[in-house]
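# Fold and contact review
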Amino acid sequence: MSGAEFFSILSVAALSSVGHCIGMCSGFAIVLARFLSGKGKIFSAAMIAGYNLARICAYMLLGFIFGSLGGVFTLSLVARGYLFFAIGVFMAVLGVALIRRGAVLNFIEKNAFLSKILNEKMKAAISKNSVLGFLTLGFLNGLLPCGVVYYFLALAVASGSGAKGAAIAATFGVVSFFAMSFYALVLKAVSEKFKKHALNLSGAAIIIYGIYLSFIGFTASNG
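Residues numbered from 1 in each chain as written. Predicted model: local features only at pLDDT ≥ 70, side-chain atom pairs only at ≥ 80, totals over all residues. Heavy atoms only, no water.

## A word on the packing of helix H3 (residues 77-100) against helix H7 (residues 147-159)
In the contact formed by H3 and H7, the axes pass within 10 Å of each other and the chain directions differ by 165°. As far as their axial angle goes, H7 and H3 are roughly antiparallel. Note on packing geometry: the crossing formed by H3 with H7 is left-handed. For the pair H3 and H7, the contacting residues are Arg80, Leu83, Phe84, Ile87, Phe90, Met91, Leu94 and Leu98 in the first and Gly147, Val148, Tyr150, Tyr151, Ala154, Leu155, Val157, Ala158 and Ser159 in the second. Counted by class, the contact of H3 with H7 contains 14 nonpolar, 2 polar and 1 charged residues. (Axes fitted to C-alpha atoms, helices over the stretch in contact; angles between N-to-C directions. Helix = DSSP H or I, 4+ residues; strand = E, 2+ residues; numbered from the N terminus. Parallel < 35°, antiparallel > 145°, perpendicular 65-115°, else oblique. Left-handed = near helix turned anticlockwise from the far one by under 90°. Contact = heavy atoms within 4.5 Å. Nonpolar A, V, L, I, M, F, W, Y, C, P; charged D, E, K, R; others polar.)

Written out as structure tokens, the structure reads:
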């Protein structure tokens, strides 16, 4: 993992957690809070950790799958160059979509078939009102269509390795957990304007890294 890639992962994960993930996942936080109402501190801490660990496991599974798929392109330098170029363009478009929001982001994140299946499974998990049910909910949360997750899956594909893809996805999951926890515990009074700036910065970071990756891909495919 290059220094630029590592910096990109950390910065986008931290900034997007405040600017995008909190809004996307706030509903799950409310459901979890209701389940933990009246429970002891140790049990509540264990449940929150377990919920997020399950979510990170889902990210790692996706990262492994997409990283393994990207490995198909490592057999040819030219093919890998084209892959990098295409992923870079996708990242740039994704970054603009996150900043502008609206129709483009909705199109990228919308997957009616997958969302319907996951929503049904989530409702079933919530209705159980049990430890296993909420661990399952955490795992399903990690599978939801999300523009930010797509960025890290694109990085996983570019890594060309299932193990590296899982590591990239795990890094995002861990950083997002600590960033969202810090926000929830310390930065509750932060304005919507701050969250918007954080989202814009994460989008800009995605655009910059996308351009960088496209340049590498263009150079490799024309070398």
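## Focus: the layout of surface pockets
The space that makes up the second largest pocket amounts to roughly 280 Å³. Looking at the second largest pocket, it is lined by 15 residues, and the ones nearest its centre are Phe66, Phe90, Tyr150, Leu153 and Ala154. Those elements giving two or more residues to the lining of the second largest pocket turn out to be helix H2 (41-70), H3 and H7. Per-element accounting of the lining of the second largest pocket gives the leading share, 5 residues, to H7. Grouping the constituent residues of the lining of the second largest pocket by class yields 14 nonpolar, 1 polar and no charged. (1 Å grid on protein atoms, 1.4 Å probe; cavity = no way out; pocket = protein on both sides within 12 Å on 5 of 7 lines; lining within 4 Å. Points joined across faces, edges and corners; volume = space filled by probe spheres on them.)

## So, the environment of Ala58
One can find Ala58 in helix H2. Leaving out residues up to four positions away in the same chain, Ala58 has contacts with Phe139, Gly142 and Leu143.

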